[in-house]
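Chain by chain, the residues run as shown.
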Amino acid sequence: MEVIFLLIAVSLVLAITFLVLFFRAMKDGQFDDDYTPSVRILFDNHKKTTKKDQPSKPKSYE
């Protein structure tokens, strides 16, 4: 029974350690994306169209 308590304690310490390391990495900016914003303009090909920009159907199709 003591082994279960020991394993629970070790797993809690390990989980808290990983959580602290994760928050430290977030605070230091390790997960910030510095590359994508600089190249986003190169791949932005989508043109937004409105109803008046769309070609109208010929009257014979209505």
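**Student:** Quick rundown of the overall build of the protein? Include the residues and the values.
**Tutor:** From N to C terminus, the protein includes 2 helices and 0 strands. Split into buried and exposed, the 62 residues of the protein put 3% on the buried side. Of the roughly 6800 Å² of accessible surface on the protein, 64% is carried by carbon and sulfur atoms.

**Student:** Outline a nonpolar patch on the surface, listing residues and values.
**Tutor:** The grouping of M1, I4, F5, I8, L12, I16 and V20 at the surface amounts to a nonpolar patch, some 740 Å² of accessible area in total. For I4, the location among the structural elements is in helix α1 (residues 2–28). A relative accessible area of 47% places I4 in the partly exposed class.

**Student:** Outline the packing of aromatic side chains, listing residues and values.
**Tutor:** In this structure the tally under the stated criterion is 2 aromatic pairs. Their ring planes at 55° and their centres at 5.7 Å tell us that F22 and F23 sit as a pair that is tilted. Every member of this aromatic cluster is reached through a ring pair, and the members are F22, F23 and F31.

Rules of the game
Residues numbered from 1 in each chain as written. Predicted model: local features only at pLDDT ≥ 70, side-chain atom pairs only at ≥ 80, totals over all residues. Heavy atoms only, no water. Helix = DSSP H or I, 4+ residues; strand = E, 2+ residues; numbered from the N terminus. Buried < 20%, exposed > 50% of the residue type's maximum accessible area, 1.4 Å probe, protein only. Areas by Shrake-Rupley, 256 points an atom, 1.4 Å probe, with all protein chains shown as cover. Patch = residues over 30% accessible without salt bridge, like charges linked within 9 Å, V, L, I, M, F, W, Y side chains within 5 Å. Salt bridge = Lys/Arg side-chain N within 4 Å of Asp/Glu carboxyl O. Phe/Tyr/Trp six-rings, centres within 6.5 Å; stacked < 30°, edge-to-face > 60°.

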